[in-house]
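# Commentary on secondary and tertiary structure
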Amino acid sequence: MSRKFLETEGPAWVADGLISEEQRLKLLARYPPEASAGGLLPVLGSVLVGLSGLSLVAANWQALPEALRLALLLGSLLAAYAAGAYFLRRGNPDLGHGLIGLGLLLFGASIVLTSQLYQLVGYDASGLLAWVVAGVALSYVYGSRLLVLLTVLIGAAVQTYCVEALGSFSYATGVLVAAGLGYYWWRRPDVVGSTVLAAGLLWQAGLLIIVLHAKITWFFVPAMAVYAAGDWQANRAGGRALQGPPLAAAYLFMFGLATFGETDTYANVLRPPLLSYLAALGAVLAVSVTGKRMRGRLASLPDWLLLLPGFYLPGGLPLAVATLVVLYAHAGSVLARADRDQDAEQLTVGAVLFVAATAVAYFKLTWAFLDKSLFFLLGGSLLLGLSWYLRRRNARRMGDSVVSTAEEQPSRR
Amino acid sequence: MPDLLTWFSEPTRRRPLLRLLVAAQVLYVLGVAGAGYATAAFGAHIVLTTAPVDPHDLLYGDFVRLRYSISEVPLELWRAAAPPRRRQGVFVLLAPGPDSTSTAVGVYAAAPRAAAGQVVLRGWVTEVYRHALGLRFNLERYYVPASSALRLEKAGRQHPLRVRVSIAPWGQARIAGVEEELAKTPEPSR
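Residues numbered from 1 in each chain as written. Chains lettered and ligands numbered in written order. Predicted model: local features only at pLDDT ≥ 70, side-chain atom pairs only at ≥ 80, totals over all residues.

### Considerations on the overall build of chain A
What counts here: The way it works is that DSSP assigns letters per residue, a run of H or I at least four long becomes a helix, a run of E at least two long becomes a strand, and they are numbered from the N terminus. Burial in this document is a count-based property: other C-beta atoms within 10 Å of a residue's C-beta are tallied, and the residue is buried at 20 or more, exposed at 12 or fewer, or partly exposed in between, with C-beta positions derived from the backbone. We call two residues in contact if the C-beta atoms placed from their backbones are at most 7 Å apart.
Along the backbone of chain A there are 16 helices and zero strands. Its C-alpha atoms give chain A principal-axis dimensions of roughly 75 × 70 × 50 Å. Counting only residues that meet the buried cut, chain A has 33% of its 413 residues in that class. Taking the intrachain contacts of chain A between residues at least 6 apart in sequence as the baseline, contacts between residues at least 24 apart amount to 66%.

Below is the structure:
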């Protein structure tokens, strides 16, 4: 409960006779004021501090003698780690972990700057691999969400450098992040960490597809492998959070197909060999379904509707109809599931997906021949009407459930 | 047998583990420095010529981009059975020329045996042209020290350079230094 909320509303409650003055003071005492920064603030803070130190020193870097440069790098590294350990001992975990994160960033900077000092340009990313290893090791030791986030970012950065500057994919980096941080996620799934890990893994998968010059739809095989891992996670929230980025990617792709579906023009980048693609995706589907069945989550199976490979259809009417059917079916499944679970958030998501599908259908149907002002008028009123209807329906459903639980209360007592 | 994560995050083990990890990191950085020093100290030194360099590069970063005379070699020098492919790792056999700069005498797919006076430099194929091969050696960046004369050049003057490269016995190569070659031809009129 937010203390500020208590402070502002407390006197009103006392005045209305909801609580006594003594109870108000007890409540206030229970929630002492403390600044709670979200887990992402220390990440941003340490990244920015690391960058500022880097740019300051880099501006005057070439003027310094060799030994002094090394001493500066190693000295700041040791200082950051020492300070981090000190604050952790003192009982400031946020600051301590932030400083250890800074030390990790300084390690990476040291590797890069020392290589430049001796004009060493890497033949592969093996020099920077130590950075990823250090990140994974520190995450294991401290179990800090900040360090996990930093390591995912470092892995993504090293992989990007490897692909951009050296033109090859570092499988070692990919395996380290996936296996090292994956194991960590398996044991300690938290929502933010899961989402960031999934996004980082998807980024590296995208880089792999680029390097292999594979058709871009192959991206969904590793992406849905990440999704399938979420199905096996015992912790439901953590598993669902890991599945967020792959589902978002699949949805955006299906949406793009529906809106711009000219697959024949893009056939050479979109259509991998049918059998191998279906076989690979089918294998991942099997893993996912097995996990869902084991954890009793078969209700979320319609998520896979978004992976139907509509891009094999010829462009034009068949593709438009197929993708719209999929979008509607998926939105309907989300709504049905939210209805059954009485989950207000899922109801909103389902409503938004439904409205989006209708918007695409309307766009495709009328853009070509309807007068533009009439198009926008009809479209706007359709969307408004639809959202009003869905909201009313949701409110009535939630109201029914509240009434039914309220009726149950007296009988339970 | 306790699992990996529990073992690592055991509270009493944190401080010694942190010390171990930090020591490992410091040693690693020193190792990179040592490798750099050793490559220059124990390596075979050769001199390569580059195409004229544009000092403007320094305005955008701390390094200049170098393009070597051996960055493009005639296709006749290819000495393997299979045709060359892009991004393929190759070994370039270099021999010293009359003015002590090295030129390519052969490009191999596997490490060749170097005769006396010759050295092998690792490279990658960037492009395969009809009659030539484009090569990259990861020596194309030179981080210019503050005291170098290159920094004092006025913009617009372009010089070819003589680059001293050191190739360690274990194959790592680095730029050991750069000598400026003053332009012998008059500046082209604009």
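After that view, the rundown keeps rolling.
### Side note on the overall build of chain B
Counting its regular elements, chain B contains three helices and 10 strands. Listed by position from the N terminus, the elements making up chain B come as α-α-β-α-β-β-β-β-β-β-β-β-β. Split into buried and exposed, the 190 residues of chain B put 24% on the buried side. Considering only residue pairs separated by 6 or more positions, chain B has 62% of its internal contacts joining residues 24 or more positions apart.

### So, the packing of helix 3 (residues 40-59) of chain A against helix 5 (residues 93-117) of chain A
All names here are of chain A. This is how the line gets drawn: The axes are straight lines fitted to the C-alpha atoms, using for helices just the contacting stretch, and the angles between their N-to-C directions are given from 0 to 180°. Under this scheme an angle from 65 to 115 degrees is roughly perpendicular, one under 35 degrees roughly parallel, and one over 145 degrees roughly antiparallel; angles in between are oblique. Each crossing is labelled by how the near helix is turned from the far one, with a counterclockwise turn of less than a right angle marking it left-handed and a clockwise turn marking it right-handed. Put simply, Ala, Val, Leu, Ile, Met, Phe, Trp, Tyr, Cys and Pro go in the nonpolar bin, Asp, Glu, Lys and Arg in the charged bin, and everything else, Gly too, in the polar bin.
At a minimum axis separation of 9 Å, helix 3 and helix 5 run at an interaxial angle of 40 degrees. Comparing the axis directions of helix 3 and helix 5 gives the class oblique. Considering the relative orientation of helix 3 and helix 5, their crossing is right-handed. Side by side, helix 3 and helix 5 meet where Pro-42, Gly-45, Ser-46, Val-49, Gly-50 and Leu-54 of the first sit next to Asp-94, His-97, Gly-98, Gly-101, Leu-102, Leu-105, Leu-106 and Ala-109 of the second. Residues that form the contact of helix 3 with helix 5 fall into these classes: seven nonpolar, six polar and one charged.

### Topic: the domain arrangement of chain B
Worth spelling out the cut-off: Source of the domain bounds: an automatic or database domain assignment.
According to the domain assignment, chain B contains domain 1 (4-40) and domain 2 (43-180). Looking at the side of domain 1 of chain B that touches domain 2 of chain B, its residues break down into three nonpolar, two polar and no charged.

### Considerations on the interface of chain A and chain B
Contacts between the two partners involve 33 residues from chain A and, on the opposite side, 27 residues from chain B. At the level of secondary structure, the elements contributing two or more residues to the side of chain A that touches chain B comprise helix 4 (66-90), helix 5, helix 6 (126-142) and helix 8 (171-187) of chain A. For the side of chain A that touches chain B, the residue count by class is 23 nonpolar, nine polar and one charged.

### Examining helix 4 of chain A
What counts is decided by this rule: To estimate how far a helix should extend, the number of its residues minus one is multiplied by 1.5 Å.
Over its 25 residues, helix 4 of chain A extends 36 Å from the first C-alpha to the last, a length consistent with the 36 Å expected when each residue adds 1.5 Å. Of the residues trailing helix 4 of chain A, Gly-91 of chain A is marked for its positive phi of about 100 degrees.

### Things to note about helix 9 (residues 191-212) of chain A
All names here are of chain A. The first and last C-alpha atoms of helix 9 sit 32 Å apart over 22 residues, in line with the 32 Å expected at 1.5 Å per residue. Three or more residues of helix 9 are buried, namely Gly-193, Ser-194, Val-196, Leu-197, Ala-198, Gly-200, Leu-201, Gln-204, Ala-205, Leu-207 and Ile-209. Residues of helix 9 that are buried in the fold lie against helix 7 (145-166), helix 8, helix 10 (220-232) and helix 11 (236-260).

### A short note on the pairing of strand 6 (residues 119-128) of chain B
On a regular strand, each side chain points to the face opposite its neighbour's, so the side chains alternate between the two faces of the sheet. Residue and element names in this part refer to chain B. Just so we agree on the cut-off: Any two strands with at least two DSSP bridges between them are considered paired.
When strand 4 (residues 89-96) meets strand 6, the two strands line up antiparallel, connected through six bridges. Within the sheet, the bridge partner assigned to Val-92 lies in strand 6 and is Leu-121. Two strands pair when backbone bridges link them, and strand 6 and strand 7 (residues 132-136) are joined in this way by four bridges, in the antiparallel orientation. Within strand 7, the position partnered with Glu-127 by the bridge is Gly-134. Between strand 6 and strand 7, which follow one another and run antiparallel, lie three residues.

### Some thoughts on unusual backbone geometry
Backbone geometry at His-213 of chain A places phi at a positive 55 degrees, although glycine is not the residue there. Looking at His-213 of chain A, the number of C-beta atoms within 10 Å reads 7, which means it is exposed. The phi dihedral of Asn-138 of chain B falls on the positive side, at around 55 degrees, and the residue is not glycine. For Asn-138 of chain B, a count of 18 C-beta atoms within 10 Å gives the class partly exposed.

### Digging into the sheet that holds strand 5 (residues 102-108) of chain B
All names here are of chain B. The strand order 3-7-6-4-5 describes an open sheet built from five strands, whose pairing is antiparallel. This sheet does not close on itself; its edge strands, each paired only once, are strand 3 (72-74) and strand 5. Pairs of neighbouring strands in the sheet enclose a mean axial angle of 45 degrees, with direction left out of account.

### Examining the packing of helix 6 of chain A against helix 7 of chain A
Residue and element names in this part refer to chain A. Orientation of helix 6 relative to helix 7, taken along the N-to-C sense of each, is 165 degrees, at an axis distance of 9 Å. Our classification of the angle between helix 6 and helix 7 gives roughly antiparallel. By crossing handedness, the relation of helix 6 to helix 7 is classed as left-handed. Facing Leu-128, Trp-131, Val-132, Gly-135, Val-136, Leu-138, Ser-139 and Tyr-142 of helix 6, the residues of helix 7 in contact are Leu-147, Val-148, Leu-150, Thr-151, Ile-154, Gly-155, Val-158 and Tyr-161.

### Comments concerning the environment of Tyr-171 of chain A
Relative to the elements of secondary structure, Tyr-171 of chain A occurs in helix 8. Residues Tyr-171 of chain A and Gln-204 of chain A lie 33 residues apart in sequence; the distance between their C-alpha atoms is 9.8 Å.

### A closer look at the environment of Leu-383 of chain A
Residues and elements named next belong to chain A. Looking at where Leu-383 falls in the secondary structure, it is placed in helix 16 (residues 372-412). Taking the C-beta count within 10 Å as the criterion, Leu-383 has 15 such neighbours and is therefore assigned partly exposed. Counting along the chain gives 320 residues from Leu-383 to Ala-63, while the straight-line C-alpha distance between them is 63 Å. Residues within four places of Leu-383 in sequence aside, it is in contact with Val-355 and Ala-359.

### Some points on the confidence of the model for chain B
Residue and element names in this part refer to chain B. Using the following cut-off: Each residue carries a pLDDT value, the predictor's own confidence for that position, ranging from 0 to 100.
Residue-level pLDDT values for chain B average 80, and 81% of them are 70 or greater. Ranking the elements of chain B by mean pLDDT puts helix 3 (residues 57-60) last, at 64, and strand 3 first, at 90. Overall fold confidence for the complex sits at a pTM of 0.77, while the interface term, ipTM, reaches 0.76.

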